[in-house]
Each structure stands twice: as C-alpha cells, then as structure tokens.
Amino acid sequence: MKNKGLYYFDKITVFFEITIALLLLIVIAIRVIEIVLALMGLDITILTMEFDKVLSVSLSLVISVEFVRMLCKHTPETVIDVLLFAIARQIVVYHEKPIDMLIGVAAIIGLFAAKKFIINSDLFKK
C-alpha cells in the first residue's frame, strides 16, 4: 500500500511540474507577442506582472514540488535535484554580484559531479 501511495505522489508531482512548465511557456509566448507588438508600434500590455516575479514564483513552485518528491522518495538524487533547483533559482532570479554567480555555477557543477560520480557509482546501489 505504501509503494502504491508513493507511486501516485510521484505521478502527481510530475503532473505539477509539467503544468508549471506549460504555464511558464504560455507566459513566455505572451511576452514575445508583447515584444512583437511593441516593435510594430503598438504598446499593448497583456500581462501586468513582471517576468522576474513570474519566474521567481515558478521556480519556487518547482522547488516545492521537488521537495515533496524528496520527502516521498528519500534518495540522494532527489536531494541533489532540490539543491540544484534552489541554487538555479538564486542565480536566475536574484541578479547578484558576479562572484556570487560564479560560486553558484561552481556549486551546480559540484552537484552534477556528485550526482554522476558518487551517486551513480556502486556506493549507493542496492
């Protein structure tokens, strides 16, 4: 019964991730339409919310969904995924100093290396 519940939780989290991605694509498409209209001389605003705010909320939702997945699965891969999204959100949303961005990119590289060489090694395989 526990495995069946976890299976449904996993499916629900995948559904939420796809829904967030589709909504973000719709927002991007609307912004492209606004740019095209502005280039044609029509200053029409379709969305009043700033794109940085939309991106911040979207990435926060993705981190939340990944956190739920991490709580259900208890695997090192899910922990690294949550950390990857959190660091990526920090880099993308908050335009910090270049050194902070460099540290964030180095952290992402380190997490990818850990995922590839440590977690995928025989150390964590059952």
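Scroll up to find the structure.
Here goes a summary of the coordinates provided. None of the values given here were measured: they were computed from a predicted structure. (Residues numbered from 1 in each chain as written. Predicted model: local features only at pLDDT ≥ 70, side-chain atom pairs only at ≥ 80, totals over all residues. Heavy atoms only, no water.)

Now for the pattern of salt bridges. This structure, assessed with the given rule, holds six salt bridges. Arg-69 serves as the salt-bridge partner of Glu-17, at 3.4 Å between the closest nitrogen and oxygen. Here Glu-17 is found in helix α1 (residues 2–39), whereas its partner Arg-69 is found in helix α2 (residues 51–73), with 52 residues between them in sequence. The class for Arg-69 is buried, based on a relative accessible area of 11%. Between Asp-81 and Lys-115 there is a salt bridge; the shortest N-O distance is 2.7 Å. With Asp-81 in helix α3 (residues 76–93) and Lys-115 in helix α4 (residues 98–119), this residue pair connects regions lying 34 residues apart in the sequence. Owing to a relative accessible area of 22%, Lys-115 belongs among the partly exposed residues under this scheme. Because the salt bridges share partners, they merge into one network encompassing Asp-10, Glu-17, Glu-66, Arg-69 and Lys-73. (Salt bridge = Lys/Arg side-chain N within 4 Å of Asp/Glu carboxyl O. Helix = DSSP H or I, 4+ residues; strand = E, 2+ residues; numbered from the N terminus. Buried < 20%, exposed > 50% of the residue type's maximum accessible area, 1.4 Å probe, protein only.)

Locating Tyr-7 in the fold gives a position in helix α1. Taking relative accessible area as the criterion, Tyr-7 reaches 46% and is therefore assigned partly exposed. With 25 residues separating them along the chain, Tyr-7 and Val-32 place their C-alpha atoms 38 Å apart.

Moving on to the side chain of Ser-58. Inspection of the secondary structure puts Ser-58 in helix α2. Among the residues examined, Ser-58 registers a relative accessible area of 12% and is labelled buried. Sequence-distant contacts of Ser-58, that is, excluding residues within four places in its chain, are made with Ile-20 and Leu-24. (Contact = heavy atoms within 4.5 Å.)

Here we come to the packing of aromatic side chains. Both the distance between ring centres and the angle between the ring planes are used here to describe each pair of aromatic rings. Considering all chains together, one arrives at two aromatic pairs under this definition. With a centroid separation of 5.5 Å and an interplanar angle of 70°, the aromatic rings of Tyr-7 and Tyr-8 are classed as edge-to-face. With a relative accessible area of 45%, Tyr-8 lands in the partly exposed category. With a centroid separation of 5.9 Å and an interplanar angle of 55°, the aromatic rings of Phe-15 and Phe-16 are classed as tilted. By relative accessible area, which is 52% here, Phe-15 ends up exposed. The ring of Phe-117 has Lys-116 lying over it, and the distance from NZ or CZ to the ring centre is 5.7 Å. (Phe/Tyr/Trp six-rings, centres within 6.5 Å; stacked < 30°, edge-to-face > 60°. Lys NZ or Arg CZ within 6 Å of the ring centre and 35° of its normal.)

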